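Read off the chains here:
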Amino acid sequence: MKKDIYSELAALNNGADMAHTDNIWHSLRDEYTAFIDRMKEIVSTGDIRGTVLVADDDGIIWVSGTRSVNIEGDIVSPLDTFEIGSVTKTFTASVIFRLAEEGRLSLTDRVRDFFPDYDKAGDMTVYDLLHMRSGICDFANEFETFFDMRNKNASFEKAFWADETDDSVFLEHLYRLELKFPPASATEY
């Protein structure tokens, strides 16, 4: 069942009204009129793919889905979720450093403290994960190896990327797979 995009966005926007045309939702605040006009021009003539969201502390200014399609073949909406590739490394590092600042974890914490069933983690640390020194197989670029696709069909891969598989499936494969190298002994992007 498709979500009511407008209702979801209004909820995210503290209930504030937004204008909607095609696959574009934007603020009705006068101070953003020039920006919104420029964004309409960019998404209608530029080669932008995916979803664009611009917000400030007061709420959503602009959100749109553009000419890309989701896994079902529908034009993307602002509520679709999808992998954003290597950009996630920056976001993940930012969150990890914030947690370290708050004293909630340390870069020297061992991965097995968070995943006690991961016996292959050994002395692997949060630092090793952040610096691509863990030895863990890259599930995105080595999908067939990570998930041992000899025993699965193509529908498994589609379900995984559509976030329709339980996290326990990922962990089962992570725990099964041998490391490519001992933690902290090499770096692999």
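The model shown is predicted, which means the values in this text are computed figures rather than measured ones.

Novice: Is there a simple way to explain the pattern of salt bridges in this structure?
Specialist: Side chains that differ in sign of charge can pair as their charged atoms come close. All chains considered together, the criterion is met by 12 salt bridges. Between Glu31 and Arg29 there is a salt bridge whose closest N-O contact spans 3.2 Å. You can call Arg29 partly exposed: its relative accessible area is 24%. Here Lys120 and Glu178 are joined by a salt bridge, their closest N and O atoms 3.9 Å apart. Of this pair, Lys120 sits in the loop between helix H4 (111-114) and helix H5 (126-130) while Glu178 sits in the segment after helix H8 (167-176), and the two are 58 residues apart along the sequence. Among the residues examined, Lys120 registers a relative accessible area of 22% and is labelled partly exposed. Look at Glu178 and you get exposed, because its relative accessible area is 58%. Salt bridges sharing common partners tie together Arg29, Glu31 and Asp56.

Novice: Is there a simple way to explain the packing of aromatic side chains in this structure?
Specialist: By convention here, two paired aromatic rings are described through the distance between centres and the angle between planes. Inspection of every chain in the model, using the stated rule, returns 16 aromatic pairs. Three or more aromatic residues joined by ring pairs make a cluster, and in this case those are Phe139, Phe143, Phe146, Phe147, Phe156, Phe160, Trp161 and Phe170.

Novice: Just to check I follow, could you spell out the pairing of strand S4 (residues 59-65) for this structure?
Specialist: Successive residues of a regular strand alternate their side chains across the two faces of the sheet. Within S4, 7 of the 7 residues are buried, which leaves the element mostly enclosed by the surrounding structure. Relative to S4, strand S3 (residues 51-56) runs antiparallel, the two being bridged by 6 bridges. Considered in S4, the bridge of Leu53 is made with Val63. Between S3 and S4, which pair antiparallel one after the other, the connecting turn spans 2 residues.

Novice: Looking at this structure, how should I read the pairing of strand S1 (residues 18-21)?
Specialist: Pairing of S1 with strand S2 (residues 24-27), which is carried by 4 bridges, proceeds in the antiparallel orientation. Bridged to Thr21 within S2 is Ile24. With antiparallel pairing between neighbouring strands as the criterion, S1 and S2 make up a hairpin whose turn holds 2 residues, including Asp22 at a positive phi of roughly 50°.

Rules of the game
Residues numbered from 1 in each chain as written. Predicted model: local features only at pLDDT ≥ 70, side-chain atom pairs only at ≥ 80, totals over all residues. Heavy atoms only, no water. Salt bridge = Lys/Arg side-chain N within 4 Å of Asp/Glu carboxyl O. Buried < 20%, exposed > 50% of the residue type's maximum accessible area, 1.4 Å probe, protein only. Helix = DSSP H or I, 4+ residues; strand = E, 2+ residues; numbered from the N terminus. Phe/Tyr/Trp six-rings, centres within 6.5 Å; stacked < 30°, edge-to-face > 60°. Pairing = 2+ DSSP bridges.

Bear in mind that shape data such as this cannot, by itself, settle questions of function.
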